[in-house]
Number of protein chains: 6
Amino acid sequence: MPLLKLGIPKGSLQDATIDLFAQAGWRIAPHSRHYYPDIDDPDIQCSLLRAQEMARYVERGTLDLGLTGLDWILETEAEVEEICTLTYSKSSNRPSRWVLVVPEDSPVRSVSDLQDRKIATELVNFTRRYLTERGVDAEVEFSWGATEAKAVEGLVDAIVEITETGSTIRAHGLRIVEELLVTETRLVANHGAMRDPARRARIEQIAMMLQSALAARSKVALKCNVPAKRLDDVVELLPSLHAPTVSHLYDPQWLAVETIVDAAMVRDLIPQLRAAGAEGILEYELRKML
Amino acid sequence: MPLLKLGIPKGSLQDATIDLFAQAGWRIAPHSRHYYPDIDDPDIQCSLLRAQEMARYVERGTLDLGLTGLDWILETEAEVEEICTLTYSKSSNRPSRWVLVVPEDSPVRSVSDLQDRKIATELVNFTRRYLTERGVDAEVEFSWGATEAKAVEGLVDAIVEITETGSTIRAHGLRIVEELLVTETRLVANHGAMRDPARRARIEQIAMMLQSALAARSKVALKCNVPAKRLDDVVELLPSLHAPTVSHLYDPQWLAVETIVDAAMVRDLIPQLRAAGAEGILEYELRKML
Amino acid sequence: MPLLKLGIPKGSLQDATIDLFAQAGWRIAPHSRHYYPDIDDPDIQCSLLRAQEMARYVERGTLDLGLTGLDWILETEAEVEEICTLTYSKSSNRPSRWVLVVPEDSPVRSVSDLQDRKIATELVNFTRRYLTERGVDAEVEFSWGATEAKAVEGLVDAIVEITETGSTIRAHGLRIVEELLVTETRLVANHGAMRDPARRARIEQIAMMLQSALAARSKVALKCNVPAKRLDDVVELLPSLHAPTVSHLYDPQWLAVETIVDAAMVRDLIPQLRAAGAEGILEYELRKML
Amino acid sequence: MPLLKLGIPKGSLQDATIDLFAQAGWRIAPHSRHYYPDIDDPDIQCSLLRAQEMARYVERGTLDLGLTGLDWILETEAEVEEICTLTYSKSSNRPSRWVLVVPEDSPVRSVSDLQDRKIATELVNFTRRYLTERGVDAEVEFSWGATEAKAVEGLVDAIVEITETGSTIRAHGLRIVEELLVTETRLVANHGAMRDPARRARIEQIAMMLQSALAARSKVALKCNVPAKRLDDVVELLPSLHAPTVSHLYDPQWLAVETIVDAAMVRDLIPQLRAAGAEGILEYELRKML
Amino acid sequence: MPLLKLGIPKGSLQDATIDLFAQAGWRIAPHSRHYYPDIDDPDIQCSLLRAQEMARYVERGTLDLGLTGLDWILETEAEVEEICTLTYSKSSNRPSRWVLVVPEDSPVRSVSDLQDRKIATELVNFTRRYLTERGVDAEVEFSWGATEAKAVEGLVDAIVEITETGSTIRAHGLRIVEELLVTETRLVANHGAMRDPARRARIEQIAMMLQSALAARSKVALKCNVPAKRLDDVVELLPSLHAPTVSHLYDPQWLAVETIVDAAMVRDLIPQLRAAGAEGILEYELRKML
Amino acid sequence: MPLLKLGIPKGSLQDATIDLFAQAGWRIAPHSRHYYPDIDDPDIQCSLLRAQEMARYVERGTLDLGLTGLDWILETEAEVEEICTLTYSKSSNRPSRWVLVVPEDSPVRSVSDLQDRKIATELVNFTRRYLTERGVDAEVEFSWGATEAKAVEGLVDAIVEITETGSTIRAHGLRIVEELLVTETRLVANHGAMRDPARRARIEQIAMMLQSALAARSKVALKCNVPAKRLDDVVELLPSLHAPTVSHLYDPQWLAVETIVDAAMVRDLIPQLRAAGAEGILEYELRKML
């Protein structure tokens, strides 16, 4: 069987990605010296490379499959097949977004004020297209990092930078003018690989396992014991995705009820369950769910 | 609905507290620049501040609810309502306690020997009251840290310091004279907030979830398969908090038994269960239990 | 009851060993100052010491029980009773092995080419016996560390070194000639302790709990809901260690199936289960299994 | 001879202080376990303690001599003799100052606006006196740290905090209302110790050596060769503190000139010296100067 | 007077550059939050930015003066005036050079073998021009880092990477095909700034001070006492840059000789000086020399 | 010319040794991957290896020259030529010494009490010889580290361990019984290399430069200006190693005096010099002195 060539994003997402694959069922062990990371699946060969470059190598077929951000797919305009979105490893509760930023006291109030201005960003191609589509002609140049400092120090008129909460931007005395792009991690595949039935099956299996691992992170299993006569009151409170599992206790007056709910709603659900007569309420973590 | 203002202890307890809230159902994301930490509940506003100051701000109503130590509640004599005790994040198996410490070769053998002596401590008010109640008149002064060194170097006659095992104290050539206070973390609320039904309900919900998360840390779910005819032998071994959940296996000769036990007793219980005929014994972690 | 004296390996295995004991049911809290680590079992006294020395102290009876590597048992030729093998804390998916290593351009092609050569290793006694058994007379000397550098810099002709993947060895421009020993962690006991029924019972309890904790790491619980009429198709897919637990759902058309499988096979099993009609598939972690 | 008891500030100033003493001629070696630091002078005994507490122990005579900040001398109102000011270990080119700080959008514009407000600070006594002297009645409370966050989060109305450049304050969205105190490090002695001729001589020796080491840090020795006939042009450029040292070169047409100048003026002086005919210009560091 | 806008390279060269300016006579204090670094010269304003971008901002006049590598000047083809070369902060004794690298077993033996191959590098423009000048048509693409891994993992056919000793390259199983560019740090100025006499004078002053600080790092002052009658023997051994400084000792039989020599030759010179009768040989460091 | 093979001690002495060689005139740049460190002298080849093994490789001629401790020379009984003692890199003001240590409450009061006891040490051979010479028969075994813990935990009766101040030993509740060996760093050479004139000359050059660098660390140059008529008073105060250098100032009433003194005596000398009329006192560091 042909090897499936898989790209893992190097850097800030690396550890979170390896953890996600471990939960999904593949153990990846990176070496300290940049050789191929070891994976416990003889049909897969891993490479570690920067998210910025992933889509390019998947498009070209050097890799069959990779994880990268929507931002870098759009930046490189790589022709790849987007298999699914995978949301993990966020440091806050808010999405990552690329925003147009200027000094607090800048006259720039909207994208249209950027005509003939200088803009620094790591996302040069995307920013140029964004401005062109809005009829703005500006000089967009590549920033090798410390982009915020360039706006603070007046080296450029504006920057396009990634942020979650915007607090670092405000702390620098900068102001967000507008949001250009909300980004998130995507699993992308090479078109040729998807036409090959063997590799397509492996890609779909990997996508299914990664998604079931992620789904399990936002859900929990909830169990409780309910007096038989109050079963309906309890079941009514539970989300109706599926019928809960009901089983019999040693003490015949009681029934055991088990169901899957959003982790985030448990804090509100438990007091209601207790009011409805449930006892012995237990919450369990899940490793996979689909 | 009015916001509930919640204080999270900054410093050594911070990460453990954020972990506990995550298990209880609230995701708190601290910012690097001291703004309010982000919390995924629009009805709550978090502040990070030192345990020493928490009770004062809760008493005054600047905060509705906070976590702090019994030691700092007593030190500040703040008038707050103690909702519950929460024991988490201990580095050893022993409680934290404030002890009176002197050099190994000091003539001080009991609190009464401290008359007219100099004592350094971070817990000045509590120590003064403790001595006054025992009829001892001594000079108690605030120590900004490195308190043990002051006893070692002879800058003061005695210190009052916090310890778990006492091993650091002994390693400095110091001796514990007596224990003044055993401390632990408390959830405390403002009296006014508790008289407001809406905030009281939120406070009680938070207390219930934190307690159910902590309870889950010291319990495990135990499952096993038992030959139907030996069910009574097995059930007899199990703690009688609640009837265990019994269900039927595909193979009708066997029953499945599930119960909750103290994690610490499993190491002794499992050999007994095996002796009683149990097979396929499994232990699961819990995330909440109440 | 006599105390059981238990040796925990200090250094690279220490944290992993303490984690394993925690999962098995014993909380061990090391002190920063080399006193006996604290353990929450009044019948056990822990010592922390290097894996290299463990077997010697167990043989002599200074310890009743300890964890160490097969390599160091063979090196010291200590007379101890090997209770069980415990595989944990590997950084890669491959076993640890002691290999004979020479510079890439060395004429040495097999152990027999080592006649009259100089060899540096931390495993001196084992290496000498290995060579003697093969009729090779060479000078084997103790290396205090940085053993690979000695081969690179020509201080010796060959080294015997431990490795998992061999990548560090190759990165130094060195070559593996042959494998001398595959090693792994062993639980070893003093012969006298094993003849004492009380201590033997404790040793067997500890071994059982450690093994059940390790077994739980490579297995998961899998649950799913199955249409009653497709039960046989699903059960057929499941490994036949034990009959799965089947129970009834609130909706009588569906059955709940629960079983234990190798974590590593889930990634292949789930797609098959879905094809066979299973829904609501859930994977849970285990803490113990036996 | 009586020991001189010397207090070294623990914490952020510790390493810089030990370096300064090394340059001044005393080697201090701190132990890891809070015993007296070792010093290579049999007549001195060192203690390490917090700058905040230093003046109190010097006043009381537990120490004869110590280094601390003017801020903490004023805060504790300790009766000590100020021997000299020692400016070292600044991270910027600006002095440390305690400032009154409020949120950017606060109505507070001057100290007089603080009437009946709440203020948090580590410098409680000084702040209270400062306000009382200006006829302002406010509630000043001790802050255990993270003081800026208290202003940001609205726990108090204002804070009094130490800063050099103010950039952290502005980055938090806070505003400096006014400067209360410029502080710097002082060498302070006990009055009794200064009345004892033996200890007074040691204290003056230490002060002289510390000052000569600090003076050497801001000065450099400059040497150059000058054509004999242009000597006056060169000497005229040099600061007139002292006559420069002039000596003869092997080549009789040239003279060697050596002088001490401010390190900060060398960058402007050297081009002028070259224009005046100087060659072979050399700059040397100094270790002591007086 | 107009401010001189100076760019300091951010990142690996930053600390070494700040140290060099300190020795040259300017104290630069970077802030933690990317504002302009503080400099103790009211006529200069500093910015911190990446070496890769420096030449571009100097060309455009956003900066008057900056430090960057020859490699990045050539990469950006920026029109700037090269004031001088500054060699500092090398981790080995060898120059930094950009080399063409392939896997050990690649058929590529020279640049001409790269026709139609894929090459990854951070230095895209320079590499493209280098190939075009040699008539080679290849695909050169930007690498965001971990460039060596791309050659090891076969993502590209060759890379162009920077190295000093080549040992990391060899340790990855890669081979250097040829050297494309030896690089070093350059001080570059804007053409317009150089036409403005005031700024030109400041730029030349800065260049002179930086060069005199660097020169001082490779030279030392050597002093010795020589019997008057052996003066010629000693002077003959000394390098003839300048006549040494000779002065008279209190003891008239002896002369003092002082000279400046390469630090690297002292180890060979001292034994010769002793053989020639020199005594009391002393070596001093220099801070500036010109 | 034959290469001189030089061994540099790896580990705790490594950085201090490289610094010493830099001051002595050789730049050594260690690689991260254990190849030979780079040295800027084509006639020398460096190896990095543990101090424990150095003497063995020098004896055998694998190295010509190396730095190691007297303790390890005695432990290995290597036949090497001791060129000189080099004292550097001590963390306290006291010598390193190997001491016999027992628990505080042990009955062992002298070496003779060790008959038939168990002793753990890293210095096995030396300790065995030491005991045998004193007629004591004890079991001495190799300790792989954490030796103090073995005495604390009762695994052995006594240990032989290295210490400077003894404070760690006392902090463990242990007691020093007696001192076995004071150790320090030695430069050792191979006998054969010393018989080869070319290598002997290089070895002596290296020894001379290392010693002159070390000597320079404990001495300083002191300069001052003296009224011509008080010259004798000042000269009388100066140590009489050599006549001080006296030269004439531009102002003929003053003389310049320059001399070399122990750094440690400057703190006492300067007040005396001022009393004798000296002004403009300057202290300079030295880089080499001989």
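By convention here, each chain's residues receive numbers from 1 onward along its written sequence. Lettering for chains starts from A, numbering for ligands starts from 1, and both go in the order in which the items are written. Note on the predicted model: pLDDT of at least 70 is required for a residue's local features to be given, and 80 or more for side-chain atom pairs to be given and counted; whole-chain, interface and lining totals, by contrast, use all residues. Excluded from the side-chain calculations are hydrogens and water; all other atoms, namely the structure's heavy atoms, are used.

### Overview of the pattern of salt bridges
Throughout this description, the term salt bridge denotes a Lys or Arg side-chain nitrogen within 4 Å of a carboxyl oxygen of Asp or Glu. Inspection of the entire model under this criterion finds 138 salt bridges over all chains. Between E:Arg287 and D:Glu285 there is a salt bridge, and its shortest N-O distance comes to 3.4 Å. Residue E:Arg287 is found in the loop between β16 (279-284) and β17 (288-289), and its partner D:Glu285 is found in the loop between β16 (279-284) and β17 (288-289); the two belong to separate chains. Of the charged contacts, one joins E:Asp262 and E:Lys219 as a salt bridge, the two residues approaching to 2.6 Å between their closest N and O atoms. Of this pair, E:Asp262 sits in strand β15 (residues 254-262) while E:Lys219 sits in strand β13 (residues 219-227); the two residues are 43 residues apart in sequence, bridging distant segments of the chain. Any residue under 20% of the maximum accessible area for its type is buried, any over 50% is exposed, and the rest in between are partly exposed; the area is computed with a 1.4 Å probe on protein chains only. Looking at E:Lys219, the relative accessible area reads 18%, which means it is buried. Overlapping salt bridges, with partners in common, bring together A:Asp40, A:Asp41, A:Asp43, A:Arg202 and C:Arg267 in one network. Secondary structure is summarised from DSSP: a helix means a run of H or I of at least four residues, a strand means a run of E of at least two, and numbering begins at the N terminus for each.

### Brief notes about the relation of the copies chain B and chain A
Superposing chain B onto chain A takes a rotation of 120° combined with a translation of 0.0 Å along the rotation axis, leaving an RMSD of 0.0 Å. Classification of the inter-copy transformation places it as that of a three-fold axis. Identified as the residue of chain B closest to the rotation axis by C-alpha distance is B:Ser247, at 3.9 Å. Contacts are assigned to residue pairs that have any heavy atoms within 4.5 Å of one another. An overlap of only 9% is found between the interface residues of chain B and their copies at the interface of chain A, pointing to separate contact surfaces. Least squares is used to superpose the copies, and the fit set is the C-alpha atoms of residues whose pLDDT is at least 70 in both copies.

### Some thoughts on the pairing of strand β5 (residues 65-69) of chain C
Residue and element names in this part refer to chain C. Judged by how many residues are buried, β5 sits mostly within the fold: five of five residues are covered. In β5, alternate side chains face the same way, and those of Leu-65, Leu-67 and Gly-69 on one face and Gly-66 and Thr-68 on the other are all buried. DSSP-based pairing: two strands are paired if at least 2 bridges between them are found. Bridge count for strand β1 (residues 4-10) against β5 is two bridges, and the pairing is parallel. Bridging from a neighbouring strand, Leu-6 pairs with Leu-65 of β5.

### Observations regarding the interface of chain B and chain A
Across the boundary between the two partners, chain B contributes 34 residues, which contact 31 residues of chain A. Here the quantity called buried area is the total loss of accessible area, with a 1.4 Å probe, experienced by two parts when brought into contact, counted for both. Summing both partners gives a buried area of about 2800 Å² for chain B against chain A, and 52% of it is carried by carbon and sulfur. Our enumeration of links across chain B and chain A arrives at six salt bridges. We note a salt bridge from A:Arg267 to B:Asp40, for which the minimum N-O separation is 3.5 Å. Under the rule applied, a polar contact is a pair of N or O atoms within 3.5 Å (in protein, one hydrogen donor and one hydrogen acceptor; residues adjacent in sequence only if both atoms are side-chain atoms). Linking chain B with chain A are ten residue pairs in polar contact (both at pLDDT 80 or more). Side-chain classes follow a simple rule in which Ala, Val, Leu, Ile, Met, Phe, Trp, Tyr, Cys and Pro form the nonpolar group, Asp, Glu, Lys and Arg form the charged group, and the remainder, Gly included, forms the polar group. In terms of residue class, the side of chain B that touches chain A is made up of 17 nonpolar, six polar and eleven charged.

### Considering the packing of aromatic side chains
Two rings from Phe, Tyr or Trp (for Trp, the six-membered ring) form a pair when their centres sit within 6.5 Å of each other. Planes less than 30 degrees apart are called stacked, planes more than 60 degrees apart edge-to-face, and all others tilted. According to the stated counting rule, one finds 45 aromatic pairs over all chains in the structure shown. Considering the side-chain rings of C:Phe142 and F:Trp144, the 5.5 Å spacing of their centres and the 80° angle between planes classify their relative orientation as edge-to-face. A residue pair is termed interchain when its members come from two chains, as with C:Phe142 in strand β9 (residues 139-142) and F:Trp144 in the loop between β9 (139-142) and α5 (147-152). Where E:Phe126 meets E:Tyr130, the ring centres are 6.1 Å apart and the plane angle is 35°; that geometry is what we call tilted. Of this pair, E:Phe126 and E:Tyr130 are both found in helix α4 (residues 124-133), four residues apart, which corresponds to roughly one turn of the helix.

### Describing the packing of helix α10 (residues 266-275) of chain E against helix α8 (residues 197-217) of chain F
Axis angles are defined between N-to-C directions and span 0 to 180 degrees, where every axis is a line fitted to C-alpha atoms and, for a helix, only to the segment in contact. It is at 10 Å that the axes of α10(E) and α8(F) come closest, and there the two elements cross at 95°. On the basis of the axis angle, α10(E) is roughly perpendicular to α8(F). Here E:Val266, E:Arg267, E:Asp268, E:Ile270, E:Pro271 and E:Arg274 of α10(E) lie close against α8(F), whose contacting residues are F:Gln205, F:Met208 and F:Met209. Among the residues forming the contact of α10(E) with α8(F), the class breakdown is five nonpolar, one polar and three charged. We call two directions roughly parallel when the angle between them is under 35 degrees, roughly antiparallel when it is over 145, roughly perpendicular when it lies between 65 and 115, and oblique otherwise.

### Examining the interface of chain A and chain E
Contacts between the two partners involve 37 residues from chain A, matched on the other side by 38 residues from chain E. Contact between chain A and chain E buries roughly 3200 Å² in total, counting both sides, with carbon and sulfur atoms accounting for 55%. The interface formed by chain A and chain E holds eight salt bridges in total. Note that A:Glu139 is salt-bridged to E:Arg60, the shortest N-O span being 3.4 Å. Taken together, chain A and chain E are joined by 17 residue pairs in polar contact (both at pLDDT 80 or more).

### Points about unusual backbone geometry
Positioned with a positive phi, E:Asp116 is a non-glycine residue whose angle comes to about 70°. Given the relative accessible area of 62%, E:Asp116 is considered exposed. Here the phi dihedral of F:Glu77 falls at roughly 50°; this positive angle occurs in a residue that is not glycine. Among the structural elements, F:Glu77 can be located in the loop between α3 (70-76) and β6 (81-86).

### Some words on the sheet that holds strand β11 (residues 174-183) of chain C
Pairing within the open sheet is mixed, and its five strands lie in the order β9-β8-β10-β7-β11 (chain C). A single partner strand is all that each edge strand has here, and the edge strands are β9 and β11 of chain C. Shown here is a sheet whose adjacent strand axes are inclined to one another by a mean of 25°, direction ignored. By the bridge criterion, eight bridges tie strand β7 (residues 96-103) of chain C to β11(C) in an arrangement that is antiparallel. By the bridge assignment for β11(C), C:Val102 is matched with C:Arg175. In the packing of helix α4 (residues 124-133) of chain C onto the sheet, contacts are made with β8 (118-121), β9, β10 (158-163) and β11 of chain C, and the angle to β9(C) comes to roughly 170°. Across the face of the sheet, helix α2 (residues 51-60) of chain F comes into contact with β8 and β9 of chain C while running at roughly 150° to β9(C).

### A few points about the side chain of A:Thr165
Residue and element names in this part refer to chain A. Structurally, Thr-165 is set in the loop between β10 (158-163) and α6 (167-171). Relative accessible area serves as the criterion here: at 13%, Thr-165 is assigned to the buried category. A distance of 3.2 Å separates a polar atom in the side chain of Thr-165 from a polar atom in the side chain of Ser-167.

### Digging into the pairing of strand β8 (residues 118-121) of chain E
Residues and elements named next belong to chain E. Judged from the four bridges that link them, β8 and strand β9 (residues 139-142) form a sheet pairing that is parallel. Each bridged residue has a counterpart across the sheet, and for Lys-118 the counterpart in β9 is Glu-139. Every crossover in which the path from the first strand over the helix to the second runs clockwise, viewed with the strands pointing away from the viewer, is termed right-handed. Read as a crossover between parallel neighbours, the route from β8 over α4 to β9 is right-handed. By the bridge criterion, three bridges tie β8 to strand β10 (residues 158-163) in an arrangement that is parallel. Across the sheet, Thr-121 pairs through a bridge with Val-160, a residue of β10.

### As for the packing of helix α1 (residues 14-24) of chain C against helix α8 (residues 197-217) of chain C
Residue and element names in this part refer to chain C. Running from N to C, α1 and α8 cross one another at 100°; their axes reach a closest spacing of 8 Å. Comparing the axis directions of α1 and α8 gives the class roughly perpendicular. Together, Asp-19, Leu-20, Phe-21, Gln-23 and Ala-24 of α1 and Ile-206, Met-209, Leu-210, Ala-213, Leu-214, Ala-216 and Arg-217 of α8 make up the contact between the two elements. Of the residues contributing to the contact of α1 with α8, the split by class is nine nonpolar, one polar and two charged.

### Side note on the domain arrangement of chain A
Delimitation of the domains relies on an automatic or database domain assignment. Here chain A is described as being made up of domain 1 (4-92 + 185-216), domain 2 (96-182) and domain 3 (218-285). The C-alpha-based centres of domain 1 of chain A and domain 3 of chain A are spaced at 37 Å.

### Structural notes on the state of the cysteines
By disulfide we mean two sulfur atoms from cysteines, separated by a distance within 2.5 Å. All chains considered together, the criterion is met by zero disulfides over all chains. Looking at the unpaired A:Cys46, the closest cysteine sulfur is the one in A:Cys84, lying at 16 Å.

### Considering the environment of A:Val226
Residue and element names in this part refer to chain A. Locating Val-226 in the fold gives a position in strand β13 (residues 219-227). Residue Val-226 is classed as buried on the basis of its relative accessible area, which comes to 0%. Taking the C-alpha atoms as reference points, Val-226 and Ala-55, separated by 171 residues in sequence, lie 52 Å from one another. When residues no more than four places from it in sequence are discounted, the contact partners of Val-226 are Leu-231, Val-234, Gln-253, Trp-254, Leu-255 and Val-257.

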